Amino acid sequence: MRAAIIGGGVIGGGWAARFLLNGWDVRVFDPHPDAARKMGEVLENARRALPGLGNVVLPPEGTLTFCGTLREALSGADWVQESVPERLDLKQTVLAEVQAHVDPAAIIASSTSGFKPSELQQGAVRPEQILVAHPFNPVYLLPVVELVPGAGTAEAALTRAKGIIEGLGMYPLHVRKEIDAHIADRLLEAVWREALWLVRDGIATTEEIDNVIRYGFGLRWAQMGLFETYRIAGGEAGMKHFMAQFGPALKWPWTKLMDVPDFTDDLVDLIASQSDAQSGHLSIRALERVRDDNLVAMMRALASNDAGAGALQNVHDRKGLPAAGLAATLEDLKDLTQPVLTQNRVIPLDWTDYNGHMTESRYLDAFAQATDRFMEIIGCDAAYIAADGSFFTAETHLRHLDEAHAGDPITVHTQVLLAEGKKMQLWHEMRRGDTVLATAEHMLLHVNLQTRRACGPRPDLAANLQRISKAQAGLPRPEGAGRAVGAARSPVS
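Residues numbered from 1 in each chain as written. Predicted model: local features only at pLDDT ≥ 70, side-chain atom pairs only at ≥ 80, totals over all residues. Heavy atoms only, no water.

(A) Region of interest: helix 14 (residues 360–378). The terminal C-alpha atoms of helix 14 lie 28 Å apart, and with 19 residues this matches the ideal 27 Å at 1.5 Å per residue to within 8%. Among all positions in helix 14, only Y363, A366, F367, Q369, A370, T371, R373, F374, M375, I377 and I378 are buried. In this structure, the buried residues of helix 14 make contact with strand 9 (340–346), strand 10 (389–400), strand 11 (409–420), strand 12 (423–432), strand 13 (435–448) and helix 16 (459–471). Once helix 14 finishes, G379 follows within two positions and takes phi at roughly 110 degrees, a positive value. (Helix = DSSP H or I, 4+ residues; strand = E, 2+ residues; numbered from the N terminus. Expected span 1.5 Å × (residues − 1). Buried < 20%, exposed > 50% of the residue type's maximum accessible area, 1.4 Å probe, protein only. Contact = heavy atoms within 4.5 Å.)

What follows is the structure, given as structure tokens:
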């Protein structure tokens with residue numbers, strides 16, 4: 001698949017990174033002399049952050065080409081993303097030239113944050129292939145895309161666009177009716193207007209306003225959004241109680257949403273000086289890296305609870321299992337005689353410590369996830385656990401053999417050393433290419449979750465485990481298996 005990126009600024013660069021790191025070939029056209037440098041810096045940040053966001057390795061990176069002409073960039077494009085400055089006449093001119101050279105079957109999407117697709121389609125020779133795909137910065141991490149069809153947009157084009165956006169690990173929010181500024185920016189505009197008044201009237205500084213968001217309701221919004229947050233605020237009676245209690249307050253003269261303070265030089269200087277005092281000690285690129293580190297950590301935390309953007313990432317990870325060579329069930333395994341691939345991923349940013357390498361607890365985390373993957377493969381999945389059966393780890397031995405750093409691609413292969421009655425003994429080996437980074441040996445016991453006592457697994461699960469165990473019986477015993485810390489001992493039996 002090939003994407004053409006028209007305009008290589010912050011948003012265009014983010015789109016290029018999102019496509020490129022998801023395996024698409026990307027061609028870029030931007031006549032600005034610094035376009036390649038700026039996009040290169042965005043891509044550097046994206047390569048640092050995105051691969052470690054999920055728990056499954058991304059596909060091989062596509063090929064990036066900077067083109068000297070628009071026509072060259074459009075050659076063979078399946079998706080065209082226009083991200084030129086927010087001027088309607090400029091966008092209409094660019095889209096007309098795009099349609100003169102691009103395949104009629106290609107999707108033409110605009111990153112516009114304000115214009116309606118019907119405005120973009122005015123005078124177009126093929127309005128059916130034009131729509132709005134408005135992302136959020138950084139495009140390579142934030143998943144939501146406001147997908148807005150116009151009156152002339154073909155239903156087939158909209159359906160195809162949704163599928164492509166989902167394939168990039170993003171969420172296509174179908175805006176069903178055209179409206180200026182779509183959905184998100186209208187909400188942001190309301191907050192922005194009020195914030196400007198608060199600064200202008202000397203009630204709060206830029207930093208204090210940012211603090212009340214990031215220390216307060218911003219944390220709630222990240223996981224629940226607006227309406228679910230207020231549902232909880234209504235207590236046991238829910239949303240109806242909240243609306244009855246706080247609805248009348250909307251008529252009070254609290255806000256100035258319909259008024260905008262004059263953008264005088266004094267106001268601009270005031271806000272700029274406060275912003276400089278707040279974060280002027282960091283470059284924009286440094287701020288972006290701090291932002292990306294925090295976004296990855298927060299989204300991964302949300303994923304652990306299957307909430308918010310983390311839930312979306314979990315869905316994307318599950319879809320990516322086959323491409324990463326990871327089995328979901330026993331039937332997906334092509335060769336039972338070899339150790340099972342149970343992890344194929346990149347080490348995320350939040351797995352490193354003050355020494356710059358993967359911290360001890362994260363090795364155990366990676367191996368625990370490998371165990372979980374193996375359990376799912378043999379049938380100890382969510383449904384099995386809900387029926388009151390699972391495996392508990394009784395003993396673990398880890399060996400740290402080499403350093404691992406954020407961004408390193410790693411695999412874990414799992415071998416069955418013992419499958420007998422209620423016991424399951426696993427050997428995990430973590431590698432970066434041909435280098436063995438660490439090993440882990442786990443002894444697990446099958447447990448009845450009602451009694452919390454060890455017992456034999458259900459017959460179908462036991463049969464699956466035995467099937468792999470017997471197939472792997474001819475494998476040599478791994479070096480280091482059965483060892484205690486610093487000394488050899490007889491194998492566990």
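(B) Focus on the nonpolar core. Ranked by internal contacts, the top residues of the largest apolar core, which has 39 residues, are W15, F19, W79, A133 and L141. Discounting chain neighbours no more than four positions away, the residues touching L141 are R18, A49, L50, L53, D292, L295, V296 and M299. In terms of nonpolar packing, the next biggest core, distinct from the first, is built from 22 residues, I6, V80, L95 and V148 among them. (Core = buried A, V, L, I, M, F, W, Y, C linked by side-chain atoms within 4.5 Å.)

(C) The sheet that holds strand 3 (residues 64–66), seen in detail. With respect to topology, eight strands assemble into an open sheet ordered 3-2-1-4-5-6-7-8, the strand pairing being mixed. In the strand order of this sheet, the two ends are held by strand 3 and strand 8 (171–174), each with one partner. If you compare each strand with its neighbour and ignore which way they point, the axes differ by 25 degrees on average. As defined by bridge partners, strand 2 (residues 25–29) adjoins strand 3 across three bridges and the pair is classed as parallel. Across the sheet, residue V26 finds its bridge partner in strand 3, namely L64. (Pairing = 2+ DSSP bridges. Axes fitted to C-alpha atoms, helices over the stretch in contact; angles between N-to-C directions.)

(D) Looking closely at the environment of W15. Position of W15 among the secondary structure elements: in helix 1 (residues 10–20). Taking C-alpha positions, W15 is 33 Å from N355, a pair spaced 340 residues apart along the chain. When near neighbours in sequence (up to four residues on either side) are disregarded, W15 contacts I5, Q81, S83, S111, A133, P135, V139, V145, I165, L168 and M170.

(E) Examining the pattern of salt bridges more closely. Summed over all chains, the structure comprises 21 salt bridges. Notably, a salt bridge pairs D34 with R37, separated by 3.9 Å at the nearest N-O pair. A relative accessible area of 32% means that D34 is categorised as partly exposed. With a closest N to O distance of 3.4 Å, R193 and E189 form a salt bridge. Of this pair, R193 and E189 are both found in helix 7 (residues 184–200), four residues apart, which corresponds to roughly one turn of the helix. Three or more residues are tied together by salt bridges with common partners; here these are D34, R37, E41, R285 and E288. (Salt bridge = Lys/Arg side-chain N within 4 Å of Asp/Glu carboxyl O.)

(F) Structural detail: the confidence of the model for the protein. In the predicted model, the protein carries a mean pLDDT of 91, and 96% of its residues have values of at least 70. The model gives residues 488–493 a pLDDT under 50, and that stretch makes 13 contacts with residues more than four places away or in other chains. (pLDDT = per-residue confidence, 0-100.)

(G) A look at unusual backbone geometry. Residue P138 is reached from N137 by a cis peptide bond, and omega for that bond is 0 degrees. The backbone of A181 shows a phi angle near 70 degrees, a positive value even though the residue is not glycine. The backbone of R452 shows a phi angle near 60 degrees, a positive value even though the residue is not glycine. What makes R452 exposed here is its relative accessible area of 55%.

(H) Expanded view of the environment of A35. Its location among the elements puts A35 in helix 2 (residues 35–49). Separated by 443 residues in the primary sequence, A35 and P478 place their C-alpha atoms 52 Å from one another. In this view, A35 contacts G8, D30 and F66; residues no more than four positions away in its chain are not counted.

(I) Broad picture of the state of the cysteines. Within this structure, the stated rule accounts for zero disulfides. The thiol sulfur of C455 is not disulfide-bonded, and the nearest other cysteine sulfur, from C380, lies at 11 Å. (Disulfide = S-S within 2.5 Å.)

(J) Broad picture of helix 13 (residues 308–319). Taking 1.5 Å per residue, twelve residues should reach 16 Å; helix 13 reaches 18 Å between its end C-alpha atoms and fits that length. Along helix 13, the positions that sit buried rather than exposed are G310, A311, Q313, N314, H316 and D317.

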